[in-house]
Amino acid sequence: MPLHHAVLALLTRRPNHGYELKARFEEAIGPQWGGLNIGHLYQILERLVRDGYVSRSQVTQTDRPDKNLYTLTEAGEAELRSWATTAWVRVGGFRDELFLKLLGASALGPQALTTLIEAQRQTYLSELAGLARQRRAHADEPLVAVLIDAAIAHTKADLGLLDSAAQHLGPLAAAHGAQVQGEADEAGGRSGTGGSRAESA
């Protein structure tokens, strides 16, 4: 994840120390991203200093231990500008666990597929309700509002995907279900025949 560049972006305003950066990141991004681990943040800062994108200086404090202050360098600003003005390209594909669940439910037959789709639909509707509340709460924070809007759009698209899954996977699930039932009937018939022979003997 490009957290390194997010840290560079935060440092464009003024130098900061680690805990200030953590607080500013979480305030700027909002609840959609989640908290930033302070240990991970210091690892990022170490790498940025090593790469020459950030400089580090010590600030003496009389009542507390000295603190490190991080400042964006010219090289860091150039790196940020290069990253922030180029388009993002998805490289990892769509590796959503839902697709694996659809595989499993389809293999079990129509009832399992319907159960999954309806349960997932209710989950998405609950998520949308929660996102709508967040959107109202963060209406005055532009970046947070944009991220929540993105989450709402993704969730609505996921709801549409469920309709597509029901349409396209329904026949497949029905075929699998019929095959499983046929094999079960055949196995039952064999065991029934065996039992009759044993009884007649």
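Bear in mind that the values here come from a model prediction, so they are computed numbers and not experimental data.

(A) Seen up close, the overall build of the protein. Counting secondary structure elements, the protein contains seven helices and two strands. Each helix (α) and strand (β) of the protein, taken in turn from the N terminus, gives the series α-α-α-β-β-α-α-α-α. For the protein, the proportion of its 201 residues judged to be buried stands at 25%. Relative to all contacts within the protein whose residues are 6 or more apart in sequence, the contacts with residues 24 or more apart total 57%. For the protein, the computed accessible surface area is about 13300 Å², with 56% contributed by carbon and sulfur atoms.

(B) Structural context of the pattern of salt bridges. All told, the structure shown has eight salt bridges when counted by the stated rule. Linking Glu46 and Arg56 is a salt bridge whose minimum nitrogen-to-oxygen distance equals 2.5 Å. Taken together, the positions of Glu46 in helix α3 (residues 38-50) and Arg56 in strand β1 (residues 54-59) put the pair 10 residues apart, joining distant regions of the chain. For Glu46, a relative accessible area of 42% gives the class partly exposed.

(C) Representation of the packing of aromatic side chains. For the coordinates displayed, the defined rule picks out one aromatic pair. Taking the centre distance of 6.4 Å and the plane angle of 70° together, the rings of Tyr19 and Tyr42 count as edge-to-face. Separated by 23 residues along the polypeptide, Tyr19 in helix α2 (residues 18-29) and Tyr42 in helix α3 bring together distant segments of the chain. Take Tyr19: its relative accessible area is 51%, and that puts it in the exposed class.

(D) Expanded view of the side chain of His17. With respect to the secondary-structure elements, His17 resides in the loop between α1 (3-10) and α2. Residues in contact with His17, not counting those within four places in the same chain, are Lys67, Asn68, Leu69 and Tyr70.

(E) A look at α3. Along its 13 residues, α3 runs 18 Å from first to last C-alpha, staying within 8% of the 18 Å computed at 1.5 Å per residue. For α3, the full list of buried residues reads Leu41, Ile44, Leu45 and Leu48. Along the axis of α3, the buried residues cluster in a sector spanning 100°; they form a single face. Opposite the buried face of α3, by more than 90 degrees, sit the exposed residues Gln43 and Arg50. Those residues of α3 that are buried are in contact with α1, α2, β1 and β2 (67-72). Positioned one or two residues after α3, Gly52 has a phi angle of 85°, which is positive.

(F) Spatial organisation of the side chain of His5. As for its placement among the helices and strands, His5 is situated in helix α1. Taking relative accessible area as the criterion, His5 reaches 15% and is therefore assigned buried.

(G) Looking closely at the environment of Leu128. Relative to the helices and strands, Leu128 is located in helix α6 (residues 110-137). For Leu128, a relative accessible area of 17% gives the class buried. For Leu128 and Ala151, which are 23 residues apart along the polypeptide, the C-alpha to C-alpha distance reads 8.6 Å.

(H) Looking closely at the packing of α1 against α3. Packing of α1 against α3 brings their axes to within 10 Å, and their N-to-C directions diverge by 80°. Taken together, α1 and α3 sit at an angle that is classed as roughly perpendicular. From α1, Leu3, His4, Val7 and Leu8 reach across to α3, where they touch His40, Leu41, Ile44, Leu45, Arg47 and Leu48. Here the contact of α1 with α3 is built from residues that sort into seven nonpolar, two polar and one charged.

Calculation rules
- Residues numbered from 1 in each chain as written.
- Predicted model: local features only at pLDDT ≥ 70, side-chain atom pairs only at ≥ 80, totals over all residues.
- Heavy atoms only, no water.
- Helix = DSSP H or I, 4+ residues; strand = E, 2+ residues; numbered from the N terminus.
- Buried < 20%, exposed > 50% of the residue type's maximum accessible area, 1.4 Å probe, protein only.
- Contact = heavy atoms within 4.5 Å.
- Areas by Shrake-Rupley, 256 points an atom, 1.4 Å probe, with all protein chains shown as cover.
- Salt bridge = Lys/Arg side-chain N within 4 Å of Asp/Glu carboxyl O.
- Phe/Tyr/Trp six-rings, centres within 6.5 Å; stacked < 30°, edge-to-face > 60°.
- Expected span 1.5 Å × (residues − 1).
- Arc of directions from axis to C-beta.
- Axes fitted to C-alpha atoms, helices over the stretch in contact; angles between N-to-C directions.
- Parallel < 35°, antiparallel > 145°, perpendicular 65-115°, else oblique.
- Nonpolar A, V, L, I, M, F, W, Y, C, P; charged D, E, K, R; others polar.

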